[in-house]
Amino acid sequence: MRMFDRTEILTRIAGQLAERKAVLAAGSSCGLVAKCAVLGGADMLVVYSTGLSRLMGLPTSRIGDSNARTLELAAEIRNVVSSIPVIGGVEAWDPVRLDLDALLDKFWAAGFSGVINYPTISTMGDKWRDRRGRVGLGFEREVEMIAAARKKNIFSLAYVASPDDAKAMAGSGADCIVPHVGATRGGLVGHEEGQPIQDAIRRINEINAAAKAVRPDVILLCHGGAIAEPEDTIVVYRSTQCVGFVGASSIERIPIERAVKAAAEEFKAVPLGRNH
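First, a word on what this report is: a plain description of the structure on this page. (Residues numbered from 1 in each chain as written. Predicted model: local features only at pLDDT ≥ 70, side-chain atom pairs only at ≥ 80, totals over all residues. Heavy atoms only, no water.)

The strands that make up a sheet are held in pairs by hydrogen bonds between backbone atoms, and each pair lies either parallel or antiparallel. In spatial order, the strands read β7-β6-β5-β4-β3-β2-β1-β8; together these eight strands make up an open sheet with parallel pairing. Of all the strands in the sheet, the pair left with one neighbour each is β7 (219–220) and β8 (244–247). Pairing analysis gives four bridges linking strand β1 (residues 23–27) to β8, with the strands arranged parallel. Paired with A26 across the strands is G247, a residue of β8. (Pairing = 2+ DSSP bridges. Helix = DSSP H or I, 4+ residues; strand = E, 2+ residues; numbered from the N terminus.)

Here's what the structure looks like:
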């Protein structure tokens, strides 16, 4: 099974940036989406357990045992993809998998060449963070997981929703900081309410500045909220230091909704001939 170590992934990213190409990490929770994302030029795939809810026609939701579901998805994705790295979403605050080194070893053995802290407490608000933190299963666990990945030379992306979280993740050794500016808008089950893209850009710049203050070499990507379409990333790239996009609903939900609806409409529009 073809695996990619951290150095190789960083070299690939550097090559893309040298050619002035944005980095694309494509959310893929089934083999067909993964194959199509690779054909479309994705630089890496990101596998989220929550992607299963999207493929079920539901709003993005955490269902059941996140780590177990993500590990199960690896076989389907890796069965059809070997040319680019596959990144696994790790729920670091999983109470039944307290040994983060062992958890990372399972993700590597399953075929994930990198990790991202998802589901993440960073986006869940102070009340939930405080509740989880009191029992030792808060955002700090996500920071510890990324630090452990760095020690193992496993590539990592880190979702963050605040400057303080960005500082913590940059300090832990995350290779990419990904400002998460909310649930993705658009499509059949997207979040239509949320901050305007200019507000999202302001938040991204605050988060990016905090990360860069800790580690100037950290790679900055973007995700979520009003950043849902390719034209939205144009605005972000012009106004921030982000050099790429992590797409989940933007890759594996909204395009499928549009394509299937359009195909059904075209077939349905074909009239029967006179001999029927």
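Before going further, it helps to spend a moment on the pattern of salt bridges. As enumerated under the stated definition, the model contains 17 salt bridges in all. One salt bridge connects D101 with K152, and the closest N-O pair in it is separated by 4.0 Å. Residue D101 is located in helix α5 (residues 100–110), and its partner K152 is located in the loop between α7 (139–151) and β5 (155–160); the two are separated by 51 residues in the primary sequence. Judged by relative accessible area, D101 falls into the partly exposed class, the value being 39%. Residue K152 is classed as partly exposed on the basis of its relative accessible area, which comes to 31%. As a salt-bridge pair, E257 and R253 come within 3.2 Å of each other at their nearest N and O atoms. (Salt bridge = Lys/Arg side-chain N within 4 Å of Asp/Glu carboxyl O. Buried < 20%, exposed > 50% of the residue type's maximum accessible area, 1.4 Å probe, protein only.)

What follows concerns helix α2 (residues 31–39). Among the residues of α2, those classed as buried are G31, V33, A34 and A37. Projected down its long axis, α2 shows its buried positions confined to an angular sector of 160°, all on one face. Those residues of α2 that are exposed and aimed more than 90 degrees away from the buried face are L32 and L39. Where α2 is buried, its residues contact β1, β2 (44–47), α4 (66–80), α11 (249–252) and α12 (254–269). (Arc of directions from axis to C-beta. Contact = heavy atoms within 4.5 Å.)

On the surface, L55, I256 and V260 cluster together into a nonpolar patch covering about 230 Å² of accessible area. As for its position among the elements, I256 is in helix α12. Residue classification places I256 among the partly exposed residues on the basis of a relative accessible area of 35%. (Patch = residues over 30% accessible without salt bridge, like charges linked within 9 Å, V, L, I, M, F, W, Y side chains within 5 Å. Areas by Shrake-Rupley, 256 points an atom, 1.4 Å probe, with all protein chains shown as cover.)

Read these as geometric descriptors, not functional statements.
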